[in-house]
Amino acid sequence: MNYFNYRGDELYCEDISLNELAVKFGTPLYVYSGKTILRHFHAFDNAFKKHDHLICYSVKANSNIAILNLLVQSGSGFDIVSKGELYRAIKAGADPSKIVFSGVGKTEDEIEMALIAGILMFNVESELELITIDKVAQRLGKKAPIAFRVNPDVNPLTHPYISTGLKKNKFGIPHDRVIDVYKKALELENVEVIGIDCHIGSQITQLGPFNEAVEKMLNLIDIIEKLGINIKYVDLGGGLGITYKDEEPAHPNEYGESILKYFKNTNKTLIFEPGRVIVGNAGVLLTKVLYRKDTREKNFVIVDAAMNDLARPALYGSYHSIVPVNKKEGNNIEVDIVGPVCESTDYLAKNRTITEPEKGDILCVMSAGAYGFSMSSNYNSRLKPAEVLVYKDEYFCIRERDTLEDLVSKEIIPQIKVE
Ligand code: LLP
């Protein structure tokens, strides 16, 4: 069941016409389907219903507090990587005891904020971080619950920019150092080891790499528990992929079965940090055709969304399907769909065959719900787009479009008299 469908020639999100939203809110515009987000969350959650588990949605994928709130209401916890994400989760009503804190560069003030909030655990990524957490916890008279993030050195078979569990990546504790850091933690008074964690990468479509990581984790758990440490939580990170074009990622149920076979006879609580699989295909970016420019080399369609709104094509060469909001008759032509930003990498699609678009047409960039708005910027002093959440036959503006005033609101002209 897909909640982005044509009714006649017009594309809808649930019961709302996307054309109507583009007219009402302007473009570029992010639109999310609440029902899709919830369906994806429940599909993932149900895949693990036979075992004690906690889903900690990865806030970085889409951090709008309205979306976080939908997930709070569904019982989700959160995976955060900064105090900004912690702040957002709490604003959205999250239960801090369902929050895990990942990331290689947690600062002392971030650690302090998380300790005061009472998060479930820190996923510790280095020995120096361990010592820092212990120090901050001591200052606050607290005991910090921790897991170590293991770098299992597994090839996730995904885009090199988004693989994180290889030896050469900056993430986690190298596999051969893991036992030593667990021993080290035993010596510290203000940390309590409660788990183990790994995250091997993103947009992973095959189960092999996940299985390989789990097997390595289980071996480590065996050794760690022999040290007298009880590993209650096993956090397996996020990373399950989605279909952008013709990928055929494992369904959450297959992923679930393949993981659960390892944990059937254990009393460990499994934690997952899915991001993309929850929100990726629940969001689209609407953009208006500004101009056509045909050169001898290329046909360009210049639209009002750019790499500052959706960075993925420019950053990773990612494919996003692009369809018209209003279907019409016309010739098919091959085009590059590009934005107004002054960079050659500013494109949304290259060598794409579409029905010849005209000035004023609204195009819909699909699968833009994950790492879309959350990676947007004001580059070229462009105003960040508005975001709208659709739920059944209602829609809500969940973030207003930037104003010109917003652009400079933090900037200060000092009293310099130029000579
Ligand atoms: N947990 C940790 C520790 C992570 O670093 C990430 C993503 C996730 C969970 C969620 O992974 P997911 O389920 O969404 O694959 N900007 C890139 C993706 C970067 C992913 C970063 N880490 C993109 O647009 O493809």
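Note that this is a predicted model, so its numbers are computed, not measured.

Calculation rules
Residues numbered from 1 in each chain as written. Predicted model: local features only at pLDDT ≥ 70, side-chain atom pairs only at ≥ 80, totals over all residues. Heavy atoms only, no water. Buried < 20%, exposed > 50% of the residue type's maximum accessible area, 1.4 Å probe, protein only. Helix = DSSP H or I, 4+ residues; strand = E, 2+ residues; numbered from the N terminus. Pairing = 2+ DSSP bridges. Right-handed = clockwise from strand over helix to strand, strands pointing away. Polar contact = N/O pair within 3.5 Å; in protein donor to acceptor, adjacent residues only side chain to side chain. Core = buried A, V, L, I, M, F, W, Y, C linked by side-chain atoms within 4.5 Å. Domains from an automatic or database assignment. Contact = heavy atoms within 4.5 Å. Phe/Tyr/Trp six-rings, centres within 6.5 Å; stacked < 30°, edge-to-face > 60°. Lys NZ or Arg CZ within 6 Å of the ring centre and 35° of its normal. Axes fitted to C-alpha atoms, helices over the stretch in contact; angles between N-to-C directions. Parallel < 35°, antiparallel > 145°, perpendicular 65-115°, else oblique. Left-handed = near helix turned anticlockwise from the far one by under 90°. Nonpolar A, V, L, I, M, F, W, Y, C, P; charged D, E, K, R; others polar. Near = heavy atom within 4 Å. Areas by Shrake-Rupley, 256 points an atom, 1.4 Å probe, with all protein chains shown as cover. Buried area = accessible area lost by both parts, 1.4 Å probe. Salt bridge = Lys/Arg side-chain N within 4 Å of Asp/Glu carboxyl O.

A. The arrangement of the pairing of strand S6 (residues 77-80) in detail. By the alternation rule, side chains of S6 split into Gly77 and Asp79 and Phe78 and Ile80, which are all buried. Where strand S5 (residues 53-58) meets S6, three bridges bridge the pair, whose relative direction is parallel. By the bridge assignment, Tyr57 is partnered in S6 with Phe78. Pairing between S6 and strand S7 (residues 99-101): three bridges, direction parallel. Bridge pairing links Ile80 to Phe101 in S7. At this point the chain moves from S6, through helix H4 (residues 83-91), to the parallel S7, and the crossover so formed is right-handed.

B. Examining the environment of Arg7 more closely. Mapped onto the elements, Arg7 comes out in strand S1 (residues 4-7). Here Arg7 falls in the partly exposed class, since its relative accessible area comes to 43%. C-alpha of Arg7 to C-alpha of Ser17: the two residues are ten residues apart in sequence and 8.8 Å apart in space. At 3.2 Å, the side chain of Arg7 and the backbone oxygen of Glu14 are in polar contact.

C. Here's a closer look at the environment of Thr27. The topology assignment puts Thr27 in the loop between helix H1 (18-25) and strand S4 (29-33). Residue Thr27 is classed as buried on the basis of its relative accessible area of 16%. Between the alpha carbons of Thr27 and Lys170 there is a distance of 38 Å; along the sequence they are 143 residues apart. Within polar-contact distance, the side chain of Thr27 engages the side chain of Asp304 at 2.5 Å.

D. How the structure looks around the side chain of Asp79. The topology assignment puts Asp79 in strand S6. When its relative accessible area of 1% is taken as the criterion, Asp79 is described as buried. At a separation of 2.8 Å, a polar atom in the side chain of Asp79 contacts the side chain of Ser58.

E. Broad picture of the nonpolar core. Formed by 99 residues in total, the largest nonpolar core has its most connected members in Phe78, Phe122, Ile146, Tyr182, Ile196, Leu236 and Ile337. In terms of residue count, the dominant contributor to this core is helix H8 (residues 208-226) (seven residues). Residues from two domains meet in this core; each of domain 1 (4-31 + 281-402) and domain 2 (34-279) gives at least three. The residues touching Ile146, leaving out its near neighbours within four places in the chain, are Met121, Phe122, Val124, Leu130, Ile133, Ala185, Val191, Glu192, Val193, Ile194 and Gly195. Core analysis: the second largest hydrophobic core is formed by 18 residues, Leu18, Leu286, Ile362 and Val390 among them.

F. Highlighting the sheet that holds strand S2 (residues 10-13). As summarised here, the arrangement of the three strands in space is S1-S2-S3, forming an open sheet in which the pairing is antiparallel. Of all strands in the sheet, those bounded by a partner on one side alone are S1 and strand S3 (16-17). Sheet topology note: the S2/S3 ladder contains two bridges and is antiparallel. Among the inter-strand pairings, Cys13 is bridged to a residue of S3, identified as Ile16.

G. Main features of the packing of aromatic side chains. If you walk through the whole model with that rule in mind, you get 13 aromatic pairs. Judged by centre distance (5.9 Å) and plane angle (85°), the rings of Phe25 and Tyr395 are edge-to-face. Here the residue Phe25 occupies a position in helix H1, and Tyr395 occupies one in strand S21 (residues 394-399), the gap between them amounting to 370 residues. Among the residues examined, Tyr395 registers a relative accessible area of 25% and is labelled partly exposed. The lysine or arginine in question, Lys106, covers the ring of Phe101, its NZ or CZ lying 5.6 Å from the ring centre. In this arrangement the basic side chain of Arg352 is found over the ring face of Tyr319, its NZ or CZ atom lying 3.9 Å from the centre.

H. View of the packing of helix H5 (residues 108-117) against helix H6 (residues 127-140). Taken N-terminus to C-terminus, the directions of H5 and H6 make an angle of 55°; their axes are 10 Å apart at the nearest point. Classified by the interaxial angle, the pair formed by H5 and H6 is oblique. You can see that H5 and H6 cross each other, and the crossing is right-handed. Touching Glu108, Ile111, Glu112, Leu115 and Ile116 of H5 are Thr132, Ile133, Lys135, Val136, Ala137, Arg139 and Leu140, all from H6. Grouping the constituent residues of the contact of H5 with H6 by class yields seven nonpolar, one polar and four charged.

I. Structural view of the site of the ligand. Residues in close proximity to the ligand total 18 residues, the closest being Ser202, Glu273, Arg312, Tyr316 and Tyr371. In the model, a nitrogen atom of the ligand is placed 2.7 Å from a nitrogen or oxygen of the Tyr316 side chain. Notes on the ligand: free accessible area 590 Å², of which the protein chains cover 92%. Among the residues forming the shell around the ligand, the class breakdown is five nonpolar, seven polar and six charged. Counting contributing residues, the shell around the ligand receives three or more from each of domain 1 (4-31 + 281-402) and domain 2 (34-279).

J. Examining the domain arrangement of the protein more closely. Domain assignment breaks the protein into domain 1 (4-31 + 281-402) and domain 2 (34-279). Here the C-alpha centre of domain 2 lies 32 Å away from the C-alpha centre of domain 1. Listed by partner, the interface residues are 23 residues for domain 1 and 25 residues for domain 2. Between domain 1 and domain 2, roughly 2000 Å² of surface is buried when both sides are summed, and carbon and sulfur atoms account for 59% of that area. At the surface where domain 1 touches domain 2, the tally comes to zero salt bridges. For the side of domain 1 that touches domain 2, the secondary structure elements donating two or more residues are helix H11 (312-316), strand S20 (386-391) and S21. Ranked by residues supplied to the side of domain 1 that touches domain 2, first place goes to S20 with four residues. When its residues are assigned to classes, the side of domain 1 that touches domain 2 shows ten nonpolar, eight polar and five charged.

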